[in-house]
Amino acid sequence: MSKRCDNADIEGKIGLRRYCLKRWHKDRSLRVVDACSGYGRVWTELGKEWDLTSWLRLDARRIGPGIIKIDSRRWLSGISWDADVLDIDTYGEPWRLLQSALYRELTHSLSIFLTDGKGWGARGGWSLFLSDLAGIPARWRDRIPHSCPLLRAYLDGMAIRLPMQMGWRINEAFRQKSRFSEAVYWGLRVSRDIFDHVGDGQ
């Protein structure tokens, strides 16, 4: 992850996480898996407001101290881990990483933050992973305008459906557009507990 990507709308990324964490983690104690940690600016800032009892930093590049240099998908799918928060702040698509993470046999609620670099509009394109999941034939992709609002809404629906297809319940979801690019930021609260109420972060 480059420094440019790591810093894109940093205030927007932090703002969405802060809003969600205040709803979902009122005890102010967090165990974080940061799957695309980069320079760590997001959680360094949030660590001033929440107690990060653990902060596992993964990245394809060892940009600084404290980072495990590894393919995050390999770690999430193949190594036992436990956390309250999963952050996938990739410049590309987060969906395959998310899929790998949700295969884990976690039984507690999980707060998930995602950056979809494909985002909205012609410049950002649209997710090939989600279009495959939606069953959109490859031959259609060059014929559909990337900025088509119906397509965007449909693929966003597929994004929400992904955790549900893997046995998770969506308790609450928030989405925010980057101010400076086509990227879209997501905050999801998911649980396997059928008695967990929407909006309840406990």
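Scroll up a little and you will see the structure.
These remarks concern the structure in this document. (Residues numbered from 1 in each chain as written. Predicted model: local features only at pLDDT ≥ 70, side-chain atom pairs only at ≥ 80, totals over all residues. Heavy atoms only, no water.)

**Details of the side chain of R57**
Right, on to step 1. Locating R57 in the fold gives a position in strand β2 (residues 51-59).
Right, on to step 2. At a separation of 2.7 Å, a polar atom in the side chain of R57 contacts the side chain of S37.
Right, on to step 3. Residue contacts for R57: discarding those within four places in its chain leaves D34, S37, G38, Y39, G40, P65, G66, I67 and I68. (Helix = DSSP H or I, 4+ residues; strand = E, 2+ residues; numbered from the N terminus. Polar contact = N/O pair within 3.5 Å; in protein donor to acceptor, adjacent residues only side chain to side chain. Contact = heavy atoms within 4.5 Å.)

**Here's the deal with the nonpolar core**
Right, on to step 1. Counting 36 residues, the largest nonpolar core has L76, W81, L86, W95 and I112 as its most contacted members.
Right, on to step 2. Listing elements by their share of this core, those giving two or more residues are α4 (72-78), β4 (85-88), α5 (95-102), β5 (110-116), α7 (128-134), α8 (149-165) and β7 (184-191).
Right, on to step 3. Each residue touching W81, except ones within four places of it in the same chain, is listed here: V33, W75, L76, L86, A101, R104 and L106.
Right, on to step 4. In terms of nonpolar packing, the next biggest core, distinct from the first, is built from 17 residues, I10, I14, L21 and W43 among them. (Core = buried A, V, L, I, M, F, W, Y, C linked by side-chain atoms within 4.5 Å. Buried < 20%, exposed > 50% of the residue type's maximum accessible area, 1.4 Å probe, protein only.)

**Observations regarding the pattern of salt bridges**
Right, on to step 1. Summed over all chains, the structure comprises 9 salt bridges.
Right, on to step 2. Note that R18 is salt-bridged to E49, the shortest N-O span being 2.7 Å. Taken together, the positions of R18 in helix α2 (residues 10-24) and E49 in the loop between α3 (41-46) and β2 put the pair 31 residues apart, joining distant regions of the chain.
Right, on to step 3. Residue R18 is classed as partly exposed on the basis of its relative accessible area of 25%. (Salt bridge = Lys/Arg side-chain N within 4 Å of Asp/Glu carboxyl O.)

**What to know about the sheet that holds β7**
Right, on to step 1. In space, the 7 strands of this open sheet follow the order β3-β2-β1-β4-β5-β7-β6, with mixed pairing throughout. If you trace the sheet from one side to the other, it starts and ends with β3 (67-69) and β6 (169-177), each paired once. Strand-to-strand twist across the sheet, computed as the mean angle between neighbouring axes with direction ignored, equals 15 degrees.
Right, on to step 2. One ladder, built from 8 bridges, connects β6 with β7; its direction is antiparallel. Bridge pairing in β7 places R169 opposite S191. (Pairing = 2+ DSSP bridges. Axes fitted to C-alpha atoms, helices over the stretch in contact; angles between N-to-C directions.)

**A word on the packing of aromatic side chains**
Right, on to step 1. With the rule as written, the count across this model stands at 4 aromatic pairs.
Right, on to step 2. The interplanar angle of 35 degrees and the centroid separation of 6.2 Å between the aromatic rings of W24 and F174 together place this pair among those described as tilted. Residue W24 is located in helix α2, and its partner F174 is located in strand β6; the two are separated by 150 residues in the primary sequence. With respect to class, W24 is no different from F174; both count as buried.
Right, on to step 3. Taking the centre distance of 6.4 Å and the plane angle of 75 degrees together, the rings of W95 and W186 count as edge-to-face. Here W186 lies in strand β7 and W95 lies in helix α5, a separation of 91 residues in the sequence. (Phe/Tyr/Trp six-rings, centres within 6.5 Å; stacked < 30°, edge-to-face > 60°.)

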